[in-house]
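Overview (structure and organization)
Read off the chains here:
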Amino acid sequence: MARFVFITGGVVSSLGKGLASAALGALLQARGFSVRLRKLDPYLNVDPGTMSPFEHGEVFVTDDGAETDLDLGHYERFTGVAARKTDSVSSGRIYSNVLEKERRGDYLGKTIQVIPHVTNEIKEWISIGEDEVDFMLCEIGGTVGDIEGLPFFEAIRQFSQDKPRGQCCFMHLTLLPYLAASSELKTKPTQHSVKELRSIGLQPDILVCRSEHQIPEKERAKIALFCNVRPDAVIPAYDLKSIYEAPMAYHKVGLDQAVLDAFGISPAPRPNLDRWVDVEDRIHNAEGEVRVAIVGKYTQLEDAYKSIAEALTHGGMANRVRVKSEWIDAEIFEREDAAPLLEPYHAILVPGGFGERGTEGKIKAAEFARTHKVPYLGICLGMQMAVIEAARNLGGMTDAGSEEFDHEAGGKRFTPVVYHLKEWVQGNHKIERNVGDDKGGTMRLGAYNANLTAGTRVAEIYGNTAIDERHRHRYEVDIKYRKALEEQGLKFSGMSPDGKLPEIVEWTDHPWFIGVQFHPELKSKPFAPHPLFADFVRAAKEMSRLV
Ligand code: GLN
């Protein structure tokens, strides 16, 4: 049966709870334990699928097709454990399950209440698959004291009582603010945060204290005393240059040891940290830099393309170069010539996106990359735009476009080279969709297989002709234009197993121009960079030597 670590936060949000959880997962693995990480989010959306990337950052898609919080991306990048649908749950999902059961009559006429019905539903989620791993790490979103969070805190309190003693431990992240005027770190907010936790019945076993300054021993002792935590379970967390330093940094300050102590696991298995030593070496000892332009729409919030930024970093690590990604708002190219703005870059990436705004600019970026022979990686919408560019500028279809934009605007302006997919197969199932369906969870989502044509660039990059990658889209390049576009040199080098859906296109007479309908960034890890990103950065490195 798994041991459970519940990770909560206090004082302020954005303390890096997700990262601390992911790093702890990596450290427990390094000690030979199997882990699974889970995120419990108090917001009322059923899942983040319909939330704007401006507001909530990237939507992370799992193999089994769930649209989840971006923290699951961190979990996967640090542990390599593929997240599942059941690893992300929100209040919205919990309440909708409870209400569905109520309508079905499952509660046999009882009055439905937060305790026990909502808390029971949460406890059931937490325990899914508990027999499969040594440690289950459950992070609660938000901070202690949030109204929406209360049922989750109550549920984990009950859960720890339901389990035998020693089966659960609580780790709480807080902030030690620094007062420059008196040159002091203040512990009071941490004390209050723990007080708040204790008032709802939770006593933290481990306190992780974020601080911009070294925490003096006497402050650590004070926190331990006032918060009723053992002194060596007060773990400092300082700012890092790279998130990938987190496992080693947390190990050095004793986080994994503190967790093992909390469970009484003794003697603690010795950790094997070779993987993280190598990752740090690659980060710190990069030779040179390549500049990649990311031409997209959600450029104000870095988190909107979190996995892409990380996958590029991994690609840099594979090639021992630093990747400097710069975000360019695609709409600029609708007003200005793309060439002067894009010339300084060694590669161009057009990421996924939704809606028409900015797409003419993305088409310009694809044209620039094709005609100037600059490495180009088009992801999802970025592939669709590259195909539209080819159709318009070489295929003689000057009004080529995507049905997505016609649906949005209402009317018919384009020849739908990219069309709304209404029917497809996943495994043995047929899936059907219609325009006007609910927005949540209705895209082509999750892992799908693709077959690559032997001898193409992508087959060479993957070293394989059978792949599976994660998808998240509603629209699809229309196979009926394949012949016309291949005659121009745009090869359809990857297809769905039934041969109906184009998965990858590549320009044959170009140093590196690939469009993929899926999201390779979601599967990249620092210790296993995705082959497409590794090779894209290699091509950029080559380009950097030319200019
Ligand atoms: N908006 C496009 C579609 O739905 C692309 C989606 C994406 O880039 N993830 O097909």
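Located above this text is the structure these notes cover.
A brief structural summary. Keep in mind the model is a prediction, meaning the values are calculated, not measured.

Calculation notes
Residues numbered from 1 in each chain as written. Predicted model: local features only at pLDDT ≥ 70, side-chain atom pairs only at ≥ 80, totals over all residues. Heavy atoms only, no water. Buried < 20%, exposed > 50% of the residue type's maximum accessible area, 1.4 Å probe, protein only. Helix = DSSP H or I, 4+ residues; strand = E, 2+ residues; numbered from the N terminus. Pairing = 2+ DSSP bridges. Contact = heavy atoms within 4.5 Å. Near = heavy atom within 4 Å. Polar contact = N/O pair within 3.5 Å; in protein donor to acceptor, adjacent residues only side chain to side chain. Areas by Shrake-Rupley, 256 points an atom, 1.4 Å probe, with all protein chains shown as cover. 1 Å grid on protein atoms, 1.4 Å probe; cavity = no way out; pocket = protein on both sides within 12 Å on 5 of 7 lines; lining within 4 Å. Sits in = over half its atoms within 2 Å of the grid points. Salt bridge = Lys/Arg side-chain N within 4 Å of Asp/Glu carboxyl O. Core = buried A, V, L, I, M, F, W, Y, C linked by side-chain atoms within 4.5 Å. Disulfide = S-S within 2.5 Å. Axes fitted to C-alpha atoms, helices over the stretch in contact; angles between N-to-C directions. Points joined across faces, edges and corners; volume = space filled by probe spheres on them. Parallel < 35°, antiparallel > 145°, perpendicular 65-115°, else oblique. Nonpolar A, V, L, I, M, F, W, Y, C, P; charged D, E, K, R; others polar. Expected span 1.5 Å × (residues − 1). Arc of directions from axis to C-beta.

**Let's talk about the pairing of strand β7 (residues 168–175)**
- Most of β7 is tucked away, with seven of its eight residues classed as buried.
- As judged from the six bridges shared by strand β1 (residues 3–9) and β7, these two strands associate in the parallel manner. Paired with I7 across the strands is M171, a residue of β7.
- Inspection of the sheet shows β7 paired to strand β10 (residues 206–211) by five bridges, in the parallel sense. The residue bridging L173 from the neighbouring strand is V208, located in β10.

**Re the environment of F513**
- Along the chain, the position of F513 falls in strand β25 (residues 513–516).
- Given a relative accessible area of 0%, F513 falls into the buried group.
- Taking the C-alpha atoms as reference points, F513 and C168, 345 residues apart in sequence, are found 50 Å from one another.
- With residues near it in sequence (within four places) discarded, F513 still touches A366, A369, R370, Y376, A386, V505, E506 and W507.

**Section: the site of the ligand**
- For the ligand, the full set of nearby residues is G352, G353, F354, C380, L381, Q384, E404, R472, H473, R474, Y475 and H519.
- In this structure, an oxygen atom belonging to the ligand sits 3.0 Å away from a main-chain N or O atom of L381.
- In this structure, E404 approaches the ligand through a side-chain N or O atom, which is 2.7 Å from a nitrogen atom.
- For the ligand, whose accessible area on its own is 290 Å², the fraction buried by protein is 99%.
- Of all the cavities here, the one that holds the ligand is the largest cavity.
- Going through the elements one at a time, α16 (381–393) and β21 (466–473) are the ones with two or more residues in the shell around the ligand.

**Observations concerning the pattern of salt bridges**
- Summed over all chains, the structure comprises 42 salt bridges.
- Taking the shortest distance from any N to any O, the salt bridge between R470 and E76 comes out at 3.2 Å. On the criterion of sequence distance, the pair formed by R470 in strand β21 and E76 in helix α3 (residues 71–79) is long-range, its members being 394 residues apart.
- Close ionic contact of R444 with E503 constitutes a salt bridge, the shortest N to O distance being 3.1 Å. Of this pair, R444 sits in strand β20 (residues 444–452) while E503 is found in strand β24 (residues 502–507), placing the two residues 59 residues apart along the sequence.
- The exposure class assigned to E503 is buried, which follows from its relative accessible area of 0%.
- Among the charged side chains, a network of salt bridges with common partners joins K39, D41, D69, D71 and E139.

**Structural notes on the nonpolar core**
- One finds V5, F135, M171, I206, V208, Y250 and L255 to be the most contacted residues of the largest nonpolar core, which totals 59 residues.
- In this view, F135 contacts R3, V5, L28, F33, S34, V35, R36, L260, F263 and I265; residues no more than four positions away in its chain are not counted.
- Ranked by size, the runner-up nonpolar core spans 43 residues in total, among them A339, V350, L490 and V505.

**Topic: the side chain of H314**
- The residue H314 is located in helix α12 (residues 306–319) in this model.
- On the basis of relative accessible area, H314 is assigned to the buried category, the value being 0%.
- Of the polar contacts made by the side chain of H314, one reaches the side chain of S524; its length is 2.8 Å.
- Sequence-distant contacts of H314, defined by excluding residues within four places in its chain, comprise R77, Y244, S524, K525, P526 and P529.

**As for the state of the cysteines**
- Going through the model one piece at a time under the given rule, you end up with zero disulfides.
- Lacking any disulfide linkage, C138 is separated from the closest cysteine sulfur, that of C168, by 8.8 Å.

**Some points on the sheet that holds β25**
- As summarised here, the arrangement of the nine strands in space is β13-β12-β14-β15-β25-β24-β23-β20-β21, forming an open sheet in which the pairing is mixed. Either end of the sheet is taken by a strand with one partner, and the two such strands are β13 (322–329) and β21. Across the sheet, the axes of successive neighbouring strands diverge by a mean angle of 25°, strand direction being ignored.
- The strands that α16 touches are β14 (347–350), β15 (376–379), β23 (490–495), β24 and β25; relative to β15, the one it contacts most, it runs at about 115°.

**Concerning empty space enclosed by the protein**
- Following the criterion strictly, the structure yields three cavities of 30 Å³ or more and no others.
- By volume, the largest cavity amounts to about 330 Å³.
- Taken together, 23 residues form the lining of the largest cavity, with G352, G353, F354, R472 and H519 sitting closest to its centre.
- Residue assignment for the lining of the largest cavity shows that the elements contributing at least two residues are α16 and β21.
- In terms of lining, the second largest cavity is formed by R36, L37, L72, Y75, E76, T79, V81, A82, A83 and D87.
- Examining the composition of the lining of the second largest cavity, we find that four residues originate from one element, α3, more than from any other.

**Overview of the packing of helix α1 (residues 17–30) against helix α10 (residues 255–262)**
- In the contact formed by α1 and α10, the axes pass within 9 Å of each other and the chain directions differ by 75°. It follows that α1 is roughly perpendicular to α10 by the angle criterion. Residue-level contacts link A20, L24, L27 and L28 of α1 to L255, D256, V259 and L260 of α10.
- Along the lines of polarity and charge, the residues of the contact of α1 with α10 split into seven nonpolar, no polar and one charged.

**Describing the pairing of strand β2 (residues 35–41)**
- In terms of burial, β2 is a largely internal element, seven of the seven residues being buried.
- Burial along β2 is two-sided: V35, L37, K39 and D41 facing one way and R36, R38 and L40 facing the other are all buried.
- Examined bridge by bridge, β2 and strand β6 (residues 135–140) share six bridges and lie parallel to one another. Looking at β6, one finds that L37 is bridged to L137.
- For β2 and strand β5 (residues 88–90), the ladder comprises three bridges, and the chain directions are parallel. Across the sheet, residue D41 finds its bridge partner in β5, namely S90.

**Let's talk about helix α7 (residues 188–199)**
- Here α7 spans 16 Å end to end across twelve residues, near enough to the 16 Å set by a 1.5 Å rise per residue.
- Buried within α7 we find T190, Q191, S193, V194 and L197. Each buried residue of α7 lies within a common arc of 165° when the element is viewed along its axis, so the set occupies one face. Away from its buried face, by an angle of more than 90 degrees, α7 presents the exposed residues K195 and S199.
- Lining the buried residues of α7 we find β1, α6 (150–162), β7, β10 and α8 (217–227).
- Looking one or two residues past α7, G201 carries a phi angle of roughly 90°, positive in sign.

Interpretation note: all reported values are geometric properties and have no functional meaning in isolation.
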